[in-house]
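In case you want the letters, here they are:
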Amino acid sequence: MTEQEDRIAREREEIAARVASFKATQQKFAREREEYYATTLGNAWSGFTRPPFWD
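This text gives an overview of the structure that appears in the document. (Residues numbered from 1 in each chain as written. Predicted model: local features only at pLDDT ≥ 70, side-chain atom pairs only at ≥ 80, totals over all residues. Heavy atoms only, no water.)

### With respect to the overall build of the protein chain
Along the protein chain, the regular secondary structure elements total one helix and zero strands. Against the 2.2 N^0.38 benchmark of 10 Å for 55 residues, the protein chain shows a C-alpha radius of gyration of 24 Å, more extended than a compact globule. With respect to the principal axes defined by its C-alpha atoms, the protein chain has extents near 85 × 15 × 10 Å. Relative to its 55 residues, the protein chain shows a buried fraction of 0%. Carbon and sulfur atoms make up 58% of the accessible area of the protein chain, which totals about 5,600 Å². Computed over 9 positive and 10 negative side-chain charges, the inter-centroid distance for the protein chain is 4 Å. (Helix = DSSP H or I, 4+ residues; strand = E, 2+ residues; numbered from the N terminus. Rg over C-alpha atoms; globule rule 2.2 N^0.38 Å. Buried < 20%, exposed > 50% of the residue type's maximum accessible area, 1.4 Å probe, protein only. Areas by Shrake-Rupley, 256 points an atom, 1.4 Å probe, with all protein chains shown as cover. Lys, Arg positive; Asp, Glu negative; His and termini not counted. Charge placed at Lys NZ, Arg CZ, Asp CG, Glu CD.)

### Here's the deal with the pattern of salt bridges
Scanning the model with the defined rule gives three salt bridges in all. Salt-bridge contacts for E14 lead to R18; the nearest nitrogen and oxygen are separated by 2.7 Å. Linking E14 with R18, this pair stays in helix α1 (residues 3-46), spanning four residues, or about one helical turn. In this structure E14 comes out as partly exposed when scored by relative accessible area, which is 41%. A salt bridge links E32 to K28, with the shortest nitrogen-to-oxygen separation between them at 3.9 Å. Remark: K28 and E32 occur in helix α1; sequence separation between them is four residues, near one turn of the helix. (Salt bridge = Lys/Arg side-chain N within 4 Å of Asp/Glu carboxyl O.)

Written out as structure tokens, the structure reads:
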């Protein structure tokens, strides 16, 4: 490989690593949002008592 081809290959590897890191971060944020939502909604529903329908 020429020096230019080596440089291009390294740049592609760096880009691929950055994309993978970004994707992992986005997945982490999505999991945290889902956990927060589930916890918050669960806490809201646990404090709510629904009156009987047939009263």
